[in-house]
Amino acid sequence: MPVGVLAVVTAGLWLLWWLLEVPPDPVAELRAGQEQTVRLDREGLAIFREPPNYATFCEVKDSAGRAIELDHSPGPSTTVGGKDWVVTLTSDNPVPPGTYTITCGAIDDSGTFAVGPGMFRLPDAVEERMDVIPPVIILGGLLVAATSATVIFIRRRRSRSKAG
């Protein structure tokens, strides 16, 4: 029984993570090479790019002129106002709400970018293993089902042999 409970809890946590990974809507758009000042009302910072998602680079500074480190791991996509956006860059560390100056570019020297608040992020140690968790849930569920079927089969067989 503990394996079944563990599988259900793990499945619930994976579903919660999947639901929370939907990025918030962008608050501003900018063209490649354009500098724009953006006000974020929520913690974190995400840079979006319209597909195709060519190599992207952005420079972000806070209101004091300090550079914000960005993580180049692609994230989920969202559709806002009929446009598809893909999370391309996120702040390495949660940044507080505030005003940020952003300039973005890409290898193809074109494109439209968008800026929005950051997404909910799991701790890195958990996030790195998220691709392993769904198969573990499936295998755990199959193991619980097979064990239950075997126990039921054996009990029914024993009860028939005692009755006969």
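Scroll up a little and you will see the structure.
Here, residues in each chain are numbered from 1, in the same order as that chain's written sequence. Predicted model: local features are reported for residues with pLDDT of at least 70 only, side-chain atom pairs are reported and counted for 80 or more only, and whole-chain, interface and lining totals are derived from all residues. Only heavy atoms go into the side-chain values, all of them from the structure, while hydrogens and water stay out.

S.K.: Looking at this model, I keep getting lost on the sheet that holds strand β2 (residues 35-40). Mind explaining?
M.R.: In sheet architecture, strand pairing relies on hydrogen bonds along the backbone and comes in two forms, parallel and antiparallel. Should DSSP find at least two bridges between two strands, the strands are taken to pair. Strands are runs of DSSP state E lasting at least two residues, helices are runs of H or I lasting at least four, and both sets are numbered from the N terminus onward. Taken in spatial order, the three strands make up an open sheet running β2-β8-β4, and their pairing is antiparallel. Looking along the sheet, the strands with just one partner apiece sit at the ends: β2 and β4 (56-62). Strand-to-strand twist of the sheet, defined as the mean angle between neighbouring strand axes without regard to direction, takes the value 30°. In this structure, β4 lies alongside strand β8 (residues 98-106), joined through seven bridges in antiparallel fashion. Within β8, the residue paired with T56 across the bridge is A106. Only the contacting stretch of a helix is used when fitting its axis, a line to C-alpha atoms as for every element, and angles between N-to-C directions run 0 to 180 degrees.

S.K.: What exactly am I supposed to notice about the nonpolar core here?
M.R.: Across soluble globular proteins, nonpolar side chains have a tendency to be buried as a group. What makes a nonpolar core is a set of buried Ala, Val, Leu, Ile, Met, Phe, Trp, Tyr and Cys residues whose side-chain atoms join them at distances within 4.5 Å. Burial status follows relative accessibility: with a 1.4 Å probe on protein chains alone, a residue under 20% of its type maximum counts as buried, one over 50% as exposed, and anything between as partly exposed. Counting residues in each nonpolar core, the largest one holds 18 residues, and the members touching the most others are L45, I47, V60, Y100, I102, C104 and V115. Those elements that place two or more of their residues in this core are β1 (28-31), β2, β4, β8 and β9 (112-116). Ranked by size, the runner-up nonpolar core spans five residues in total, among them A46, F48, W85 and A114.

S.K.: Explanation requested: the pattern of salt bridges in the structure shown.
M.R.: A side chain of one charge can pair with a side chain of the opposite charge when the charged atoms of the two come close. In what follows, salt bridge is the name for a side-chain nitrogen of Lys or Arg lying within 4 Å of a carboxyl oxygen of Asp or Glu. This structure, assessed with the given rule, holds three salt bridges. Here K83 ties to E29 by a salt bridge, and the two come within 2.9 Å at their closest N and O atoms. Taken as a pair, K83 in strand β7 (residues 83-91) and E29 in strand β1 lie far apart in primary sequence, 54 residues in all. Overall, E29 belongs to the partly exposed group, its relative accessible area being 40%. Across the pair R39 and D41 runs a salt bridge whose closest N-O atoms are separated by 3.7 Å. Using a relative accessible area of 48% as the deciding quantity, one classes R39 as partly exposed. D41 sits in the exposed class, given a relative accessible area of 63%.

S.K.: It is not clear to me how the state of the cysteines should be interpreted in this structure. Could you clarify?
M.R.: Among covalent bonds in proteins, the disulfide is the one between the sulfur atoms of two cysteines. Cysteine sulfur pairs qualify as disulfides if the two atoms are within 2.5 Å. Applying the stated criterion across every chain yields a total of one disulfide. Paired through a disulfide, C58 and C104 show a sulfur-sulfur distance of 2.0 Å. Taking the torsion about the sulfur-sulfur bond, which here is approximately 115°, the covalent link between C58 and C104 counts as right-handed. Of this pair, C58 sits in strand β4 while C104 sits in strand β8; the two residues are 46 residues apart in sequence, bridging distant segments of the chain. On the accessibility criterion, C58 (16% relative accessible area) is buried. Residue class for C104 comes out buried when judged on its relative accessible area of 2%.

S.K.: Help me understand the pairing of β9, please; the structure alone is not making it clear to me.
M.R.: On a regular strand, one side chain projects to one face of the sheet and the next to the other, so that they alternate. Most of β9 is tucked away, with five of its five residues classed as buried. Because side chains alternate across β9, one face comprises the buried residues T112, A114 and G116, and the other comprises F113 and V115, equally buried. Sheet topology note: the β1/β9 ladder contains four bridges and is antiparallel. Its bridge partner being in β9, E29 is matched across the sheet by A114. Pairing analysis gives four bridges linking strand β3 (residues 46-49) to β9, with the strands arranged antiparallel. Following the sheet pairing, A46 is matched in β9 by G116.

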